[in-house]
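# Descriptive analysis of the structure
Here is how the chains run, residue by residue.
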Amino acid sequence: MNDLPKELIEALRKAKKVAVLTGAGISAESKIPTFRDAMTGLWASFSPEELATPEAFARNPKMVWDWYAFRREMCAKALPNPGHLALAEMEKHFEQFTLTTQNVDGLHQRAGSRRVFELHGSIARVKCADTGRLLGGEIPECDEPPPLHPETGGMLRPDVVWFGEALPEQALLESAQAAIEADVYFTIGTSALVYPAAGLPIEAGRAGAVVVEINPIETPFTQLATFSLRGKSGEVLPAIVEALR
Ligand code: OAD
């Protein structure tokens, strides 16, 4: 990618505090389907809202468990792509670098990013649906999923944030603080539709940050961005890291 705006690279050279919001698009090149195109094959007849709610789990815990088990396996097999790796590299360039992700796949951490706030939880963790107590060890085998928490006896569910549930408070607070302090704020691979995550780049812009969107297509946020870079994060981000060298 040769056509990065010069003003953006200059802003990044001067920046001390950089913050980033990522969505499913950053993991698309790791072959994890994005949320809003994910309903293919086996799951073609469901919408995310039908599977990712406490009500859906109460109605049909086996179906919801199986859907997450399928995605858990997909995430475990996936590898970080050049976009994740470039963000891990960028973390070393700035005095403060805060990465907030809506993804539950753990690929930022596996790429080497250290300061990561997972706003929507992690698919690798499971917890008791009644008490919220996390499961320490391996997920127990069982004939009729979902398995039960060995200590509480409650049904296990993924430790992800479902529609209608509260976001992890500390992760949201730190992310909001990083947004208002940022000199440059990136919003990468997200359709910018799900709040409060989608509000973070808006807050950053209001507080004076240079706001950069990276997405192959326009989003509701495009009009508000200082720079909107049309491309895949796995290509644009390595080009930014290269330009900063
Ligand atoms: P979406 O599936 O809504 O959006 C993915 C975005 O990534 C789209 O705008 C794509 O154009 C873009 N995209 C696709 N390929 C890309 C690439 N190679 N590089 C950069 N961008 C690319 O996913 P999210 O915005 O993450 O919430 O969805 C937000 C939340 O809605 C999810 O965390 C989930 C979902 O419902 C909960 O489960 C609470």
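Residues numbered from 1 in each chain as written. Predicted model: local features only at pLDDT ≥ 70, side-chain atom pairs only at ≥ 80, totals over all residues. Heavy atoms only, no water.

### Details of the site of the ligand
Convention followed: When at least one non-hydrogen atom of a residue lies within 4 Å of a molecule or strand, that residue is treated as near it. Pairing of N or O atoms within 3.5 Å defines a polar contact, subject to two protein rules: one partner must be a possible hydrogen donor and the other a possible acceptor, and residues neighboring in sequence count only if both atoms are side-chain atoms. What sets the accessible areas is the Shrake-Rupley method with a 1.4 Å probe; for residues, cover comes only from the shown protein chains. For each structure, a 1 Å grid was placed over the protein atoms alone; sets of points admitting a 1.4 Å probe that cannot get out are labelled cavities, open sets with protein on both sides within 12 Å along at least five of seven lines are labelled pockets, and lining residues have an atom within 4 Å of a point. More than half of a molecule's atoms lying within 2 Å of a cavity's or pocket's grid points is what places that molecule inside it.
Taken together, 21 residues sit near the ligand, with A24, R36, T190, S191 and N215 positioned nearest. Taking H120, its side chain carries an N or O atom lying 2.8 Å from an oxygen atom of the ligand. Contact distances for the ligand include 2.8 Å between an oxygen atom and a side-chain N or O atom of N215. Isolated, the ligand exposes 800 Å² of accessible area, and the fraction of that covered by the protein chains is 91%. A majority-of-atoms criterion places the ligand in the largest pocket.

### A look at the domain arrangement of the chain
The condition is simple: Just so you know, the domain bounds were taken from an automatic or database domain assignment. Note on definitions: a residue-residue contact is assigned when non-hydrogen atoms from the two residues lie within 4.5 Å. What gets called buried area is simply the loss in accessible area from a 1.4 Å probe that two parts show on being joined, summed for both. Whenever Lys or Arg places a side-chain nitrogen within 4 Å of a carboxyl oxygen from Asp or Glu, that contact is recorded as a salt bridge. Gly is placed with the polar residues, together with every amino acid not listed as nonpolar (Ala, Val, Leu, Ile, Met, Phe, Trp, Tyr, Cys and Pro) or charged (Asp, Glu, Lys and Arg).
Structurally, the chain comprises domain 1 (1-32 + 80-120 + 167-245) and domain 2 (33-77 + 126-160). Spacing between the C-alpha centres of domain 1 and domain 2 amounts to 28 Å. Tallying the contact residues gives 12 residues for domain 1 and 10 residues for domain 2. Of the roughly 810 Å² buried between domain 1 and domain 2 on both sides combined, carbon and sulfur atoms contribute 64%. Looking only at domain 1, the three residues that lose the most surface to domain 2 are A24, I32 and V104, adding up to 48% of its buried area. Across the domain 1-domain 2 interface, the total number found is 0 salt bridges. Remark: the boundary between domain 1 and domain 2 carries 2 residue pairs in polar contact (both at pLDDT 80 or more). By residue class, the composition of the side of domain 1 that touches domain 2 is 6 nonpolar, 3 polar and 3 charged.

### Observations concerning the sheet that holds strand β8 (residues 227-229)
In plain terms, the rule: One bridge is not enough; two strands pair if DSSP finds at least two bridges between them. In this text, helices come from DSSP runs of H or I with a minimum length of four residues, and strands from runs of E with a minimum of two, each type numbered from the N-terminal end. Angles run from 0 to 180 degrees between N-to-C directions of axes, and those axes are lines fitted to C-alpha atoms, restricted for helices to the stretch in contact.
Across the sheet, 6 strands lie side by side as β3-β2-β1-β6-β7-β8; this open sheet has parallel pairing. At either margin of the open sheet sits one strand with a lone partner, and together these are β3 (116-118) and β8. Neighbour-to-neighbour, the strand axes of the sheet open up by a mean angle of 15°, direction not taken into account. Pairing of strand β2 (residues 96-101) with β3 involves 3 bridges; the strand directions are parallel. By the bridge assignment, T100 is partnered in β3 with F117. Packed on one face of the sheet, helix α5 (residues 82-91) meets β1 (17-22), β2 and β6 (184-188) and runs near 150° to β2.

### Here we look at the pairing of strand β7 (residues 210-214)
Here is the rule we go by: Only protein chains enter the accessibility calculation, which uses a 1.4 Å probe; a residue whose area is less than 20% of its type maximum is buried, one above 50% is exposed, and one in between is partly exposed. Here, the term right-handed applies to a crossover whose path from the first strand over the helix to the second runs clockwise when the strands point away from the viewer.
β7 sits mainly inside the fold: 4 of its 5 residues count as buried. Relative to β7, β6 runs parallel, the two being bridged by 5 bridges. Following the sheet pairing, F186 is matched in β7 by V212. In terms of handedness, the path from β6 via helix α8 (residues 199-206) over to β7 forms a crossover that is right-handed. Where β7 meets β8, 3 bridges bridge the pair, whose relative direction is parallel. Bridge assignment links E213 to a residue of β8, and that residue is S228.

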